[in-house]
Amino acid sequence: MSDQREKIATNIRKGVLEYCVLASLASGDKYGLELAEELTARKLTAGEGSLYPLLARMKATGLVETYWEESASGRKRKYYTITVHGHLMVGEFRGVWEAISMQVTDLLGEQHGIDS
């Protein structure tokens, strides 16, 4: 990917990461590393460095809650779970995303005489 394309992709990812976290948690509770690995595999985040501060902010605003649970190895893991407020925000985001993505796709389809 060219430097310019990567810059565009990074900006878009930053804007939607919170909602991607919520969408992931809507399918089930996850511990931090598990969530980071899923998002990284989907190329939605570069790793844990940006995720944990985001999760802390999301907890502070009531989008997620946490609890501790022992793993098979005996170590405790902090799990994140989506709240009712978080589910509502995923629904709101879905509607906004669908509208914006259609509007952008339509605009790009028109191309306005610019080669892609």
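These numbers were taken from a predicted model, which means no experiment stands behind them.

Engineer: Requested: an account of the pairing of strand β3 (residues 76–82), with residues and values cited.
Structural biologist: Summarising the sheet, strand β1 (residues 30–31) and β3 pair through two bridges and their orientation is antiparallel. Its bridge partner being in β3, Tyr-31 is matched across the sheet by Tyr-79.

Engineer: Explain the packing of helix α2 (residues 32–41) against helix α3 (residues 48–60) to me, using residue names and the numbers behind them.
Structural biologist: One can describe the packing of α2 onto α3 by two numbers: an axis separation of 10 Å at closest approach and a directional angle of 125°. Between α2 and α3, the crossing angle belongs to the class labelled oblique. In the packing of α2 onto α3, the handedness of the crossing is right-handed. Taking contact as the criterion, the partners of Gly-32, Leu-33, Leu-35, Ala-36 and Leu-39 in α2 are, on α3, Glu-48, Leu-51, Tyr-52 and Leu-55.

Engineer: With reference to specific residues and values, describe the pattern of salt bridges.
Structural biologist: With the rule as written, the count across this model stands at three salt bridges. Between Glu-38 and Lys-30 there is a salt bridge, and its shortest N-O distance comes to 3.8 Å. The salt bridge involving Arg-42 is made with Glu-38; its shortest N-O contact spans 3.3 Å. Residues participating in the shared-partner salt-bridge network are Lys-30, Glu-38 and Arg-42.

Cut-offs applied
Residues numbered from 1 in each chain as written. Predicted model: local features only at pLDDT ≥ 70, side-chain atom pairs only at ≥ 80, totals over all residues. Heavy atoms only, no water. Pairing = 2+ DSSP bridges. Helix = DSSP H or I, 4+ residues; strand = E, 2+ residues; numbered from the N terminus. Axes fitted to C-alpha atoms, helices over the stretch in contact; angles between N-to-C directions. Parallel < 35°, antiparallel > 145°, perpendicular 65-115°, else oblique. Left-handed = near helix turned anticlockwise from the far one by under 90°. Contact = heavy atoms within 4.5 Å. Salt bridge = Lys/Arg side-chain N within 4 Å of Asp/Glu carboxyl O.

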